[in-house]
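Structural characterization, general
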Amino acid sequence: MSPDPRYAPLFQPLRIGPVTAPNRFWQVPHCSGMGNQHPATLAAMRGIKAEGGWGVVNSEYCSIHPTSDDTPAPYASLWDDGDTANMAAMAEAVHSHGALAGVELWHGGGRSANVLSRAAGLGPESILSDTAPWQNQRMDRQDIKDLRDWHRAAALRAKAADFDVVYVYAAHTYLLAQFLDPALNARADDHGRDFDARTRLIRDLLADTRDAVGDRAAIAIRIEVTDEDGRGAEARAEFLGQIAPLVDVFDVTIPDYGVEMGPSRFVKEAALETHVGHIRKATGKPVVSVGRFTSPDTMLSQLRRGILDFIGAARPSIADPFLPAKIRDGRLDDIRECIGCNICYAHDGLGAPIRCTQNPTMGEEWRQGWHPDRVPALIGQADPVLIIGAGPAGLEAAVTLGQRGIPVVLAEAGEPGGRVTREARLPGLSEWGRVIDWRLTQIGKLSQVTLYPGSAMTADDIRETGLAHVMIATGSLWRADGRGRSNPGGVASFSGPNILTPDEVLNGARPMQGPVVIFDDEGYHIAAGLADLLAAEGHAVTYVSPAGTVAEWTTYTVEQTRLQARLIERGVSLKLGQIVTALAPDSATLACAYTGRETSIPCVTLIPVTSREPQDALYNALQNKGLATLRRIGDARAPGLIAHAIHDAHGAARAHLTAQPPPRRERPIIASS
Ligand code: ADP
Ligand code: SF4
């Protein structure tokens, strides 16, 4: 494809304050799980985004002072000269590709628990921290003065680190949003007594920041478009208009993080448009906002209709750091679209560098030297690789080997897609199918990769091909016997016709007439998704879990509260803190996870969602049979997230016949005196 001139407006430069953005692609500040603990990892990751065409690349939230410490969540910081040097590495990496580097100066206020710094928190009022049973100190006049000094000092460090955009961060319930919110700010003084007073700190910080660095950097504000006073969006827009002379670019959002960061299960592309469409007119300044934009036509339409001046993106830039370059170069069908699974964000919450289901190179740019758009070719002539199984692992391995110039024969028993095809049948998850679509599109472009659907392979079949390099990507299947965390040895009575596995249900099997019990011993989304699916079809469903909430692990993916609400609304009976310990023809025995006390509930069909069995029989049968190389990859090796399968397969394909250095590691080293 050649570049489409229709998309030229997306590549128009735009001046913001003293700097000029080279195009309209704005990687908004987003958590990376890297922060001040992994500065080289961070710099390389942000640099790759700039290389991929993002015109402005921002840091994550960047703490201005130890009183704003989110440990164990990773955050950037500009507390001292050491931080300045580390953040300068990020700015330099971004600059090396002609993009602007931005930093989001952050103070968490009373939300930060400060477990590392052990500082007392600060806020307009004394509130409970987000994560711990302790409160912050109510700010007095001196505290407010100190805060302004720290913010100015951090802005100057940002300037020293050569940042081009400096944010004042007034959203997401952090310190400045706490001052704005009358529910959290009932102060009677000139920082709380009325609207004017509650906005004073924002105005002061904007003016301070402009004064400190405005000659060199554009001043951005990240702020919500609705008014906590309940006076509505109009009052907020009026306020944004008032501060516009102090601001070069407005990065606007809404208070509901579950929509802003919405998983595709519940929230689709461009969900913020109706909320932010008026801000450009109200402020007369450039506006950026997000919407999990992956369609160039949607992006163009946002620009054309004057909704946005910059296409803001976090997740789409994670799933495809080269998204802008691909639009620019007319490679639209190469765009690796975000599927909205929020596995990226989940890992930030787990305190680790982010990763991505779609993009196995995310977080590996520095650690393993992986590039999202290039893979080193194998030197010399290569024998073909036979891959068994075209789920996400088999497909990713085929694409990566093919891109290395290695011939691939990909044999799949049924249709390609594996578990992704099954899971995408759960309510709201159709976008997950993009994982398969992108890889099939790439395979279609690789003449050396041939896919054979409808080809179930035995060990003899494999030997008969005469191919000497084999990768086994046969996946995993949900166990029927109840083996899992709660019943490690399985449950003898989990057998017979009243057991259905999740795979069987997702392949179209349905429970018999009568009550259905779904036992979620795993905690991710499958059991809750099945409960949603079957209840919507009219089955009487009871969801049982030893956890205290539905789909407990989805707290990390910002899906938990909505999933639980969904099941409640569907009339699913919830039995939390309970374990299924036995099954009879018409009933299931539950044991309280705390007391062990047993009860019995009606059950005609039990769906155990406990753990999975790796399908590694072929791998075992082929060992020591004279193959040149034999690997198992993905779920056949270790059942995990789709992201694990793709990452494992990608790594295996890079390592095929090419030794890889061990991953690099960042850690503090004791300085020699
Ligand atoms: P992963 O997540 O590791 O890619 P999946 O379970 O999604 O694993 O996919 C495994 C794929 O392997 C499925 O599409 C399945 O049909 C296929 N498969 C399993 N056994 C065989 C076999 N013997 N021959 C060919 N394909 C197989
Ligand atoms: Fe999108 Fe999922 Fe990748 Fe996050 S992990 S960027 S939500 S595909």
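Residues numbered from 1 in each chain as written. Chains lettered and ligands numbered in written order. Predicted model: local features only at pLDDT ≥ 70, side-chain atom pairs only at ≥ 80, totals over all residues. Heavy atoms only, no water.

As annotated in an unreviewed UniProt entry, the chain carries the name FAD-dependent oxidoreductase and is attributed to Fuscovulum ytuae. Taken directly from UniProt, the Sequence similarities (unreviewed entry) text for the chain runs: "In the N-terminal section; belongs to the NADH:flavin oxidoreductase/NADH oxidase family." (UniProt positions renumbered as here; feature names shortened; annotations may be inferred.)

Glancing now at the sheet that holds strand β22 (residues 578-584). One open sheet holds the three strands; their spatial order is β22-β23-β24, and the pairing between them is antiparallel. On the outer flanks of this sheet lie β22 and β24 (598-602), each paired with one strand and no other. Taken over all neighbouring pairs, the strand axes of this sheet differ in orientation by 30° on average, direction set aside. Bridging between strand β23 (residues 587-592) and β24 involves five bridges; their strand directions are antiparallel. The partner of Leu 590 across the bridge, within β24, is Thr 599. (Pairing = 2+ DSSP bridges. Helix = DSSP H or I, 4+ residues; strand = E, 2+ residues; numbered from the N terminus. Axes fitted to C-alpha atoms, helices over the stretch in contact; angles between N-to-C directions.)

Before going further, it helps to spend a moment on the nonpolar core. Grouped together as the largest cluster of nonpolar side chains are 165 residues, with contacts concentrated most on Trp 26, Ile 387, Ile 518 and Leu 530. It is helix α20 (residues 526-536) that contributes the most residues to this core, eight residues altogether. Setting aside anything within four residues of it in sequence, one finds Ile 518 in contact with Ala 527, Leu 530, Ala 531, Leu 534, Val 541, Thr 542, Tyr 543, Val 544, Ile 607 and Val 609. Within the second largest apolar cluster, 14 residues are counted, among which are Phe 494, Val 544, Ala 588 and Cys 603. (Core = buried A, V, L, I, M, F, W, Y, C linked by side-chain atoms within 4.5 Å. Buried < 20%, exposed > 50% of the residue type's maximum accessible area, 1.4 Å probe, protein only. Contact = heavy atoms within 4.5 Å.)

For the rest of this paragraph, the subject is the site of ligand 2. Around ligand 2, 13 residues are found, and the nearest of them are Cys 338, Cys 341, Asn 342, Cys 344 and Cys 356. Going through the elements one at a time, α12 (315-319) and α14 (343-349) are the ones with two or more residues in the shell around ligand 2. Considering each element in turn, the shell around ligand 2 owes the most residues, three residues, to α12. When the residues that make up the shell around ligand 2 are grouped by side-chain class, the tally is eight nonpolar, three polar and two charged. (Near = heavy atom within 4 Å. Nonpolar A, V, L, I, M, F, W, Y, C, P; charged D, E, K, R; others polar.)

Here the focus is the environment of Val 409. Take Val 409: it is sitting in strand β15 (residues 408-411). Of the residues examined, Val 409 reaches a relative accessible area of 23% and is grouped as partly exposed. Along the backbone, Val 409 and Pro 3 are 406 residues apart, and their C-alpha atoms lie at a distance of 33 Å. Among all residues touching Val 409, those that are not within four sequence positions of it are Val 385, Leu 386, Ile 387, Thr 450, Tyr 452 and Leu 467.

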